[in-house]
Amino acid sequence: MIYFSRSFNFHSLIAGLRKHCKDNAGNAALEFALAFGMFGTPMLLGSSELALLIYDSIEVSNSAHAGAMYGMMSSTFAADTAGIQKAAQAEAADFGTSVTVTPTSYYACSNAVDGTQYATEAAASAVCPANASNHYLQFVKVVASMNITPPVQCPGLPKTWVVNGTSVMEVQE
């Protein structure tokens, strides 16, 4: 601890600092250290939070894809919602059952796959004639979602993120 006596002259201290500051050799390093402390650390924390969010988003998307892969094997598997959910949650082993998996199965005409979706095979067969150019197809759609709370809370960013993954595949007969 430094104690100042009454005879300490601040003017001589400032004059000495000015004399040493005329040489700019260490100023850049000092400025860099101050700037990095003020801006670099928050940027590093924000980047790490973003990287974790991207990783978790990929994990949830892969989970949806695994569920759709399970359901696309046959009509029986497409109707097995518990099996689709189990396959999707097994793919996201880091998260397990905290991943919400919503599988649906629907039908569409082959010449308008992005068109009208039919809930039942009977509804699709009534609209889509059974010929080579147009027939009905069955699809399985799996939506996986999860709430993510990052380990590092940065001011200005949400405390919880919701990530979603969707996969649609044609059911093989």
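Note that this is a predicted model, so its numbers are computed, not measured.

Draft legend 1. Here's a closer look at the nonpolar core. Among the nonpolar cores identified, the biggest contains 20 residues, and V99, V140, V142, M146 and V163 are the most heavily contacted of them. Listing elements by their share of this core, those giving two or more residues are α2 (27–71), α4 (81–91), β2 (136–148) and β3 (161–170). Top element by residues in this core is β2. It accounts for 5 residues. Not counting the four nearest positions on each side in its chain, V99 is found in contact with S63, Q89, A92, A144, S145 and M146.

Draft legend 2. Summary view of the sheet that holds strand β1 (residues 100–109). Spatially, the 3 strands line up as an open sheet ordered β1-β2-β3, and their pairing is antiparallel. Edge strands, defined here as strands with exactly one partner in the open sheet, are β1 and β3. Pairwise comparison of adjacent strand axes, ignoring direction, gives a mean angle of 20° for this sheet. Two strands pair when backbone bridges link them, and β2 and β3 are joined in this way by 10 bridges, in the antiparallel orientation. Bridging across to β3, V143 finds its partner in T166. Strand contacts of α4: β1 and β2, with the helix running at about 125° to β1, the strand carrying the most contacts.

Draft legend 3. Inspection of the state of the cysteines at higher detail. Following the criterion strictly, the structure yields 1 disulfide and no others. At a sulfur-sulfur separation of 1.8 Å, the disulfide partner of C109 is C128. Disulfide C109 to C128: torsion about the S-S bond roughly -85°, handedness left-handed. Linking C109 in strand β1 with C128 in the loop between α5 (121–127) and β2, this pair joins segments that are 19 residues apart in sequence. Each member of the pair C109 and C128 is classed as buried.

Draft legend 4. Just the packing of α2 against α4, in detail. Their axes nearest at 7 Å, the elements α2 and α4 cross at an angle of 145°. By crossing handedness, the relation of α2 to α4 is classed as right-handed. Seen from α2, the contacting residues are E59, N62, S63, A66, G67, Y70 and G71; seen from α4, they are G83, I84, A87, A88, Q89 and E91. Counted by class, the contact of α2 with α4 contains 5 nonpolar, 6 polar and 2 charged residues.

Draft legend 5. Fine view of the packing of aromatic side chains. According to the stated counting rule, one finds 3 aromatic pairs in the structure shown. Between Y70 and F77, the ring centres sit 5.0 Å apart and the planes meet at 90°, which makes this aromatic pair edge-to-face. Classification of F77 by relative accessible area gives partly exposed; the value is 31%. Where Y107 meets Y136, the ring centres are 6.0 Å apart and the plane angle is 70°; that geometry is what we call edge-to-face. You can see Y107 sitting in strand β1 and its partner Y136 sitting in strand β2, a full 29 residues away along the chain.

Draft legend 6. Highlighting α2. Under the 1.5 Å per step criterion, the end-to-end length of α2 is 64 Å for 45 residues, consistent within 8% with the ideal 66 Å. Approximately 45° is the largest bend angle found in α2, and it occurs at F36. All of the buried residues along α2 are G40, E49, L53, D56, E59, V60, S63, A64, A66, G67, A68 and G71. Buried residues in α2 make contact with α3 (75–79), α4, β2 and β3.

Calculation rules
- Residues numbered from 1 in each chain as written.
- Predicted model: local features only at pLDDT ≥ 70, side-chain atom pairs only at ≥ 80, totals over all residues.
- Heavy atoms only, no water.
- Core = buried A, V, L, I, M, F, W, Y, C linked by side-chain atoms within 4.5 Å.
- Buried < 20%, exposed > 50% of the residue type's maximum accessible area, 1.4 Å probe, protein only.
- Helix = DSSP H or I, 4+ residues; strand = E, 2+ residues; numbered from the N terminus.
- Contact = heavy atoms within 4.5 Å.
- Pairing = 2+ DSSP bridges.
- Axes fitted to C-alpha atoms, helices over the stretch in contact; angles between N-to-C directions.
- Disulfide = S-S within 2.5 Å.
- Left-handed = near helix turned anticlockwise from the far one by under 90°.
- Nonpolar A, V, L, I, M, F, W, Y, C, P; charged D, E, K, R; others polar.
- Phe/Tyr/Trp six-rings, centres within 6.5 Å; stacked < 30°, edge-to-face > 60°.
- Expected span 1.5 Å × (residues − 1).
- Bend = angle between axes of the 7 residues up to and from the residue.

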